[in-house]
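Topology and contacts: notes
Below are the chains, spelled out letter by letter.
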There are 2 protein chains.
Amino acid sequence: MADNEENEIIEHHDDEEMERRGTQRSHSQSFLESVTSLENDDHNSTQSSHRLLAYSDALIAIIATVMILPVAHTKFQENEVKQELKESIQSLLTTKVSVYLMTFLIVTVAWAAHVRLFQVIERIDDTLALLNLACMMLITFLPYTFSLMAAFPGSVLGLTFFCACVIVIGLIQSYVLLAIVIFLPYISLSIKWIWNKAVGDSGQVEDTDPVLFYNYLPSEPLSKERVEAFSDGVYAIVATLLILDICEDNVPDPFVVKKEFNGSLLSALLNYGPEYLAYFGSFATVGLLWFTHHSLFLHVTKATRLMGLFNTFSLAFVGGLPLVYQLTNEFPRGSRNELEAVQISCVIIFFAGLFQLAIWIVGLFNERETLHPYVRYGGREHAFMLAKLSLYPCVALGTFFSTCVLSRFSAPIFHMMEIGVPFAFLLLRLLVRAGLALLRRLFCPVRPDVDRIPVEGDDLQLPINDSRNLG
Amino acid sequence: MADNEENEIIEHHDDEEMERRGTQRSHSQSFLESVTSLENDDHNSTQSSHRLLAYSDALIAIIATVMILPVAHTKFQENEVKQELKESIQSLLTTKVSVYLMTFLIVTVAWAAHVRLFQVIERIDDTLALLNLACMMLITFLPYTFSLMAAFPGSVLGLTFFCACVIVIGLIQSYVLLAIVIFLPYISLSIKWIWNKAVGDSGQVEDTDPVLFYNYLPSEPLSKERVEAFSDGVYAIVATLLILDICEDNVPDPFVVKKEFNGSLLSALLNYGPEYLAYFGSFATVGLLWFTHHSLFLHVTKATRLMGLFNTFSLAFVGGLPLVYQLTNEFPRGSRNELEAVQISCVIIFFAGLFQLAIWIVGLFNERETLHPYVRYGGREHAFMLAKLSLYPCVALGTFFSTCVLSRFSAPIFHMMEIGVPFAFLLLRLLVRAGLALLRRLFCPVRPDVDRIPVEGDDLQLPINDSRNLG
């Protein structure tokens, strides 16, 4: 990766170098042109867009996820009310949660447009980088306009802001697109023509490929790197959202400690015990969901639209995790609200895992396009992947039903689940191997290599078959 | 980059494949071993660590920056007090800010240790990925223990927690290091020996290089990619910290709008006007500082320790930006507090930019190791880089002194600066070109190619000299 990028930059600067000289000494131009046949026109410093894209992905991921915060913090304000009303959580949160989901989808759509744009553009210059930042700024403003719309459904102002943002983003992006894709080749050609007319030398007009700055493949699936970077951003911010609250609210006030706990810091901190547990539980769950996502995308080469959509759904559910973990620890032990909070947590984990599984299944349906060749056979790696991806949905489902039955012990069951799952992941490879060995012994006791006969003739298999024939 | 990673994964899975077959049919093993001479022992699936590192970088960056939030939110609580006491901001914030800076440095040290560890480890497996997540979880807990220490200097508890975290992190990391670097080669060799004894075939014991999993270069400078990823994370979270607050606090309450503004949403929103401006200003400043950082690291190949340190300092100041931008808009127009807030903003921007400049200067001192060859000459690109990096320090210094003189207009001057700087960046290349042309005309009117004579004989220059001699 480093090498690749380095090469690009060195190339670019070779011709930067070249251009610098070229403007001052025209008779060495033809020589330099033959050394590196890169762009020779006036836009002078282009760079690989890799880091710009990574930064944009991080920004958009944070913005998409941030809208869960108002939802989470509403609960704090209604802390007192809640005790008296004993109202069901669901009815309290529905509008807020739907606003969260809608903004998440809207921001993700903006991200997808950004991805498409930069699939066309391959190299950037300074102006483009600055325009991209302006675009980012407007995208970060989208959630706010949307929450205005949700708070004031009667007013047309929120909608106006929202539309204005979307239009300006569209204008910037299409300006960039137009400027780069459509006009630039003509401009560069005409500049070259004028240059050649003016300087007068060289029969060497070798038409340098105008397809340098961009690379237009409209039906290409989403690039894997950007889906990964965006997902990483979401997972990272979700994993740390709870520590934001812990750092802010859970450092006890020295006066309170002195007055209520006789100066004993330890007993004051024990008061916050459940929240630490919630933090570690949420961090571990998000971390492990990231881990399965990471394992999944090791096998993926390209993401189709449907896979991108399922990924977005999975991320939207992941974004809800800090909220419900917080809820879990806000209610008194054994109350109906606690049970509901635990069950909502299970449902969210279930769907987050299920959509990851869906990505894998969609990938399998288009395996020629989307997966690495080695996972197509259906061997052990395949089974292992399936086990990894179905672990969370299964565990969440199990926890859900066991809390339905043993509703008094919902919180302990949930915490046991949290503690158990990481160990399950550690032992998963052993378990899968044991399970497959068992299956093999049960179903094909005579010919142990039945499952290895290639389903589709693949050239990777050929040398092995040969050696088998020889042996 | 994609290709590189793909190759690695394909390689790894080739031998995964190989291993799967190998366990079942030993007579084809020797053939397969000759196909790919990668690891043949029992730890079965290794992966490129690239994405794991990117995720870790994002997590640590968020954690490092998050501690500014308690500082920023203290001000909200003291909103009422402030009006009466007219106390100077500096005295209010010093302890909080010092806690922020200390945690930032501590987390950065943890990050640097993580970087060193993964300069040794090149490939990971699932267990390692899970251990890394556990390590991350503890690192995210560090700021909290530190703020406990700061709040209760008398109690030994905070210190105990802090030390416990550090020790456990150290244990995990050194466990990983020991396991991988020291024991693994022996384990793998002995397993291979046992395997060969047990299976009995093959004189082909070709000692597969044990230096596969790791690559130990203790004095190597920090890798550029990880410094970039960490910096990106910090810039991204800082840029969006203000929108967190805006989304939470600045959606007006429908009841208030109906009561106080006669139902006019627009006039209610105009109330928040300054905060939007603060958001856009802060986003633009952080974005442009990211932009200069990005331009700077395009020219850097490796970061020395000192450059890493300066980068950390620069990032720590950047982390302070949301705080002061918020302050700027909290005080009544023309008050002494407003002037102080604006001046603190200028100081922070000044230092953030200055440390970036320092990175560049340190890089120039070790240019053989750290910079790309093409920036060593001192030509136009060099001057342009210098102009880019010194723009923010100069502007901040100018704003600072002009607010000292025209203290009544501090806020308008500051906002003008914010609006002007992006345009300055857009026009910078033209300005630098014009400036250099002017300098050339002034100082070397006779020989226009004086500045292009190579300072140190570099082979890149040779062909051009040749062609000049020929022409």
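The shown structure was predicted, so the numbers you read here are calculated from the model rather than taken from an experiment.

Cut-offs used in this document
- Residues numbered from 1 in each chain as written.
- Chains lettered and ligands numbered in written order.
- Predicted model: local features only at pLDDT ≥ 70, side-chain atom pairs only at ≥ 80, totals over all residues.
- Heavy atoms only, no water.
- Helix = DSSP H or I, 4+ residues; strand = E, 2+ residues; numbered from the N terminus.
- Buried < 20%, exposed > 50% of the residue type's maximum accessible area, 1.4 Å probe, protein only.
- Contact = heavy atoms within 4.5 Å.
- Areas by Shrake-Rupley, 256 points an atom, 1.4 Å probe, with all protein chains shown as cover.
- Core = buried A, V, L, I, M, F, W, Y, C linked by side-chain atoms within 4.5 Å.
- Axes fitted to C-alpha atoms, helices over the stretch in contact; angles between N-to-C directions.
- Left-handed = near helix turned anticlockwise from the far one by under 90°.
- Nonpolar A, V, L, I, M, F, W, Y, C, P; charged D, E, K, R; others polar.
- Expected span 1.5 Å × (residues − 1).
- Phe/Tyr/Trp six-rings, centres within 6.5 Å; stacked < 30°, edge-to-face > 60°.
- Patch = residues over 30% accessible without salt bridge, like charges linked within 9 Å, V, L, I, M, F, W, Y side chains within 5 Å.
- Salt bridge = Lys/Arg side-chain N within 4 Å of Asp/Glu carboxyl O.
- Polar contact = N/O pair within 3.5 Å; in protein donor to acceptor, adjacent residues only side chain to side chain.
- Parallel < 35°, antiparallel > 145°, perpendicular 65-115°, else oblique.

Examining the overall build of chain A
Scanning chain A for helices and strands turns up 18 helices and four strands. When burial is assessed residue by residue, chain A has 54% of its 471 residues classed as buried. Residue pairs in contact within chain A that sit at least 24 positions apart in sequence constitute 83% of those at least 6 positions apart. In the form shown here, chain A has an accessible surface area of approximately 20600 Å², with 67% of it arising from carbon and sulfur atoms.

With respect to the nonpolar core
Ranked by size, the top nonpolar core spans 227 residues in total, and within it Y55 and F425 of chain A together with Y55 and F425 of chain B carry the most contacts. Sequence-distant contacts of F425 of chain A, that is, excluding residues within four places in its chain, are made with L288, F291, T292, K388, L391 and Y392 of chain A together with L130 of chain B.

Here's the deal with the packing of helix α12 (residues 273-298) of chain A against helix α7 (residues 126-151) of chain B
Geometrically, a packed helix pair is captured by the angle between its two axes and the distance between the axes. Axis separation between α12 of chain A and α7 of chain B bottoms out at 10 Å; the angle between their running directions is 145 degrees. Relative to α7 of chain B, the crossing made by α12 of chain A is right-handed. Contact residues: Y276, Y279, F280, F283, A284, G287, L288, W290 and F291 of chain A in α12 of chain A; D126, A129, L130, L133, M136, M137, T140, F141 and Y144 of chain B in α7 of chain B. Here the residues of the contact of α12 of chain A with α7 of chain B sort into 15 nonpolar, two polar and one charged.

Thoughts on α7 of chain B
Helix length check: α7 of chain B, at 26 residues, gives a terminal C-alpha distance of 39 Å against a target of 38 Å (1.5 Å per residue), a fit within 8%. With 20 of 26 residues buried, α7 of chain B lies mostly within the body of the structure.

Considering the packing of aromatic side chains
Aromatic rings considered in pairs are described by the distance between their centres and by the relative angle of their planes. Residue and element names in this part refer to chain A. Within this structure, the stated rule accounts for 28 aromatic pairs over all chains. Ring centres of F313 and F355 lie 5.3 Å apart, and the angle between their planes is 55 degrees; this geometry places the pair in the tilted category. Here F313 is found in helix α13 (residues 305-328), whereas its partner F355 is found in helix α14 (residues 336-365), with 42 residues between them in sequence. Here the aromatic rings of F350 and F351 are separated by 5.4 Å at their centres, their planes lie at 70 degrees, and the arrangement is edge-to-face. When its relative accessible area of 18% is taken as the criterion, F350 is described as buried. Each member of the aromatic cluster is reached from another via a ring pair, and the members are F310, F313, F317, F350, F351 and F355.

Re a nonpolar patch on the surface
Residues and elements named next belong to chain A. A contiguous nonpolar patch, built from I419, F423, L426, L427, L430 and L431 and spanning about 630 Å² of accessible area, is present on the exposed surface. Turning to its location among the elements, I419 is positioned in helix α17 (residues 410-443). Judged by its relative accessible area of 55%, I419 falls in the exposed class.

Let's talk about the side chain of S345 of chain B
Within the fold, S345 of chain B resides in helix α14 (residues 336-365). Overall, S345 of chain B belongs to the buried group, its relative accessible area being 0%.

So, the pattern of salt bridges
Two side chains of opposite charge can pair, provided their charged atoms sit close to one another. Under the definition given, this model contains four salt bridges over all chains. Notably, a salt bridge pairs D232 of chain A with R51 of chain B, separated by 2.8 Å at the nearest N-O pair. Placement of D232 of chain A in helix α9 (residues 224-249) and of R51 of chain B in helix α3 (residues 50-66) is noted, with the two residues assigned to different chains. In this structure, D232 of chain A and R51 of chain B share a single accessibility class: buried. In this structure, D57 of chain B and R226 of chain B form a salt bridge, with 2.6 Å as the shortest nitrogen-oxygen distance. Pair noted here: D57 of chain B is in helix α3 and R226 of chain B is in helix α9 (residues 224-249), with a separation of 169 residues, a long-range link.

Topic: the environment of H114 of chain A
Residue and element names in this part refer to chain A. Within the fold, H114 resides in helix α6 (residues 89-120). Residue classification places H114 among the buried positions, given a relative accessible area of 1%. Along the chain, H114 and G170 lie 56 residues apart, while their C-alpha atoms are 10 Å from each other. A polar contact is formed between the side chain of H114 and the side chain of R226, at a distance of 3.0 Å.

As for the packing of α13 of chain A against α14 of chain A
All names here are of chain A. Close contact between α13 and α14 brings their axes to 8 Å; oriented N to C, the two are set at 160 degrees. Classed by the angle they form, the pair α13 and α14 counts as roughly antiparallel. For the pair α13 and α14, the crossing hand works out as left-handed. Classifying every residue of the contact of α13 with α14 by side-chain character gives 21 nonpolar, seven polar and one charged.

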